[in-house]
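Architecture at a glance
So the chains spell out like this:
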Amino acid sequence: MTIAPIFDPQAWQLNDKQSALATKARNLAAGKFAERAAKFDREAAFPTENYKDMANAGLLGICIPESEGGLGADLKTYMIAAAEMGRFCGATALTFNMHVSSCLWTGFLIDELDMSAEQREQHNQMRKVHYQRILNEGKIYSQPFSEGGAAAAGFKAFGTTALKVDGGWRVSGKKIFASLSGHANYYGALCTALMQPDDKHSRRNTLYLAVPADSEGVSIEGEWDPLGMRGTVSRTLLFNDVFVPDKEQLMPLGIYPSAATRWPHMFMTLTPTYMGIAQACYDFTVAYLRGEVPGTPPVKRRMFPTKQLAVAQMNVMLQQTKAIWFQAISEARPDPSQESVQRAWAAQYTVMENANELAQLAIRTCGGQSMLRSLPLERLYRDSRCGSLMLPWTAELCLDKLGKASLYNPGETDDS
Ligand SMILES: Cc1cc2nc3c(=O)[nH]c(=O)nc-3n(C[C@H](O)[C@H](O)[C@H](O)COP(=O)(O)OP(=O)(O)OC[C@H]3O[C@@H](n4cnc5c(N)ncnc54)[C@H](O)[C@@H]3O)c2cc1C
């Protein structure tokens, strides 16, 4: 059966690459990931088989520049393709985002930022190492960023430190919710660089390093038995005086803060998973009411006006979600206008909250038999709740930023 794309190429004016990569992701996820998703969820197990399939399909290199042998997707192209994956296995799409970010940040995003010629040359040489590992050896990168404090929200320097030593860095610290823990080959950790042990911690000195997972001093702790997104295996990662060679630097020192400030849309990369979940909740509801969900009796429920109204309400919400999301990702560029950034916060909030709202409407509309464990809807419901919690743009923080930015001009205060 052909599955319609979330974003019809003609209606949404996708270019050939956007359309081709979205099709590739959808075919793989619908054909392989959908049937495995329940098992990974039940066992809270990492989707290793899916990663093998993604490596074979070249998707691990989706955001590696074409000049380096990758598929060369920019941010918007990646987002459209990843949303297709999110429809069929949320945990795979979310962990895929962590892996892809290591290529997006070191590739497409940084290519549009200012660097000296020497920094650019050095960076281009260094990133080749990472890209070749991914493309030739199927290596997976993760993105441990959160520490359980204000750093991941963007308000403080990271508590994880990297002390400069001969030939590399000594990394110490703790990262919470490190998706892919125990399964990534490299942990793309954000740390605060220190030239001397007693240097003051500064966000300006943020360093992005690929910590090899098998390094001495790397360990994983804690249980992993969460409500949703169980296949992400987001346990706690500890770095205890881990030596990381200079060649593992993913960005020149000091570039990350400028990327985070000048490229705010980079924080939207957590949304495609939930855009896909929103679509999946709607698709399930339509199929269920038409009596077409595999594994359920072919009982039609679509003739009741209450069901028709509920689906109409879901359709409106899905259309609104798609529209603002597509517009926001289409505006992704360095130094966007303040209005564009506000739209990005509004889009992030909308996708994360509406995915969960659509999931709950789907269960209410389809009814009791639809939320049995044998069907995907209850997993979509649990997974959808996690989107609003992702720092730095949690639903709460998006509202906080939007409210302030709407009422105050930059730099304006109530003093005086
Ligand atoms: C399934 C899943 C996978 C994840 N994977 C990763 C991953 O791979 N890498 C990674 O780095 N992180 C990951 N995270 C972590 C995520 O991004 C958040 O960092 C984490 O959920 C924050 O935990 P908390 O809500 O307990 O944080 P808290 O710091 O307790 O924050 C609670 C809430 O308070 C608000 N808040 C926090 N700080 C401020 C502030 N300064 N001002 C105002 N409000 C504030 C926010 O809205 C936040 O949601 C994952 C989380 C989940 C649920």
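Residues numbered from 1 in each chain as written. Predicted model: local features only at pLDDT ≥ 70, side-chain atom pairs only at ≥ 80, totals over all residues.

**A closer look at the overall build of the protein**
As a reminder of what qualifies: Helix numbers and strand numbers start at the N terminus; a helix is a DSSP run of H or I with at least 4 residues, a strand a run of E with at least 2. Partly exposed residues are those whose C-beta has more than 12 but fewer than 20 other C-beta atoms within 10 Å; 20 or more makes a residue buried and 12 or fewer makes it exposed, with C-beta atoms placed from the backbone. Here, residues touch in the contact sense if the C-beta positions derived from the backbone fall within 7 Å of one another.
Along its length, the protein carries eleven helices and seven strands. Over its C-alpha atoms, taken along the principal directions, the protein stretches across nearly 70 × 55 × 40 Å. In the protein, which comprises 416 residues, the share counted as buried stands at 46%. Counting contacts in the protein only where the partners sit at least 6 residues apart, residues at least 24 apart contribute 77% of the total.

**Overview of the domain arrangement of the protein**
Using the following cut-off: Delimitation of the domains relies on an automatic or database domain assignment.
Per the domain assignment, the segments making up the protein are domain 1 (16-140), domain 2 (161-253) and domain 3 (263-407). Put simply, the middle of domain 2 and the middle of domain 3, counted by C-alpha atoms, are 32 Å apart.

**Notes on the site of the ligand**
Quick reminder of the rule: A molecule or strand has a residue near it when that residue's C-beta atom, placed from backbone coordinates, lies within 6 Å of it.
Around the ligand sit 24 residues, and of these Phe145, Ser146, Phe177, Ser179 and Glu396 come closest. The set of elements that each furnish at least two residues to the shell around the ligand consists of β3 (168-178) and α11 (395-407). For the shell around the ligand, the leading source of residues is α11, giving three residues. There are two domains that each give the shell around the ligand at least three residues, and those are domain 2 (161-253) and domain 3 (263-407).

**Considerations on the nonpolar core**
We count it as follows: Note on definitions: a nonpolar core is a set of buried residues drawn from Ala, Val, Leu, Ile, Met, Phe, Trp, Tyr and Cys, linked by C-beta atoms within 7 Å.
Membership of the largest hydrophobic core comes to 119 residues, with the highest contact counts inside it found for Tyr78, Val171, Leu209, Val211, Ala278 and Cys281. Those residues in contact with tyrosine 78 that lie beyond four places of it in its chain are Ile62, Cys63, Ala73, Val100 and Leu104.

**So, the pairing of strand β7 (residues 235-245)**
Put simply, the test is: A pair of strands counts as paired when DSSP detects no fewer than two bridges linking them.
Judged from the eight bridges that link them, β3 and β7 form a sheet pairing that is antiparallel. Each residue of the ladder has a partner; that of arginine 170, found in β7, is phenylalanine 243. Where strand β6 (residues 218-221) lies against β7, four bridges are found, and the strand directions are antiparallel. Across the sheet, the residue bridging to isoleucine 220 is leucine 237, located in β7.

**With respect to helix α3 (residues 75-86)**
The line we're drawing: What a helix is expected to span follows from its residue count: subtract one and scale by 1.5 Å.
For α3, built from twelve residues, the straight-helix expectation of 16 Å at 1.5 Å per residue is met to within 8% by its first-to-last C-alpha distance of 16 Å. Summarising burial for α3: eleven of the twelve residues are buried, a large majority. Of the residues making up α3, those classed as buried are Leu75, Thr77, Tyr78, Met79, Ile80, Ala81, Ala82, Ala83, Glu84, Met85 and Gly86. On its buried face, α3 is in contact with α1 (16-43), α4 (90-111), α7 (272-289) and α8 (305-330).

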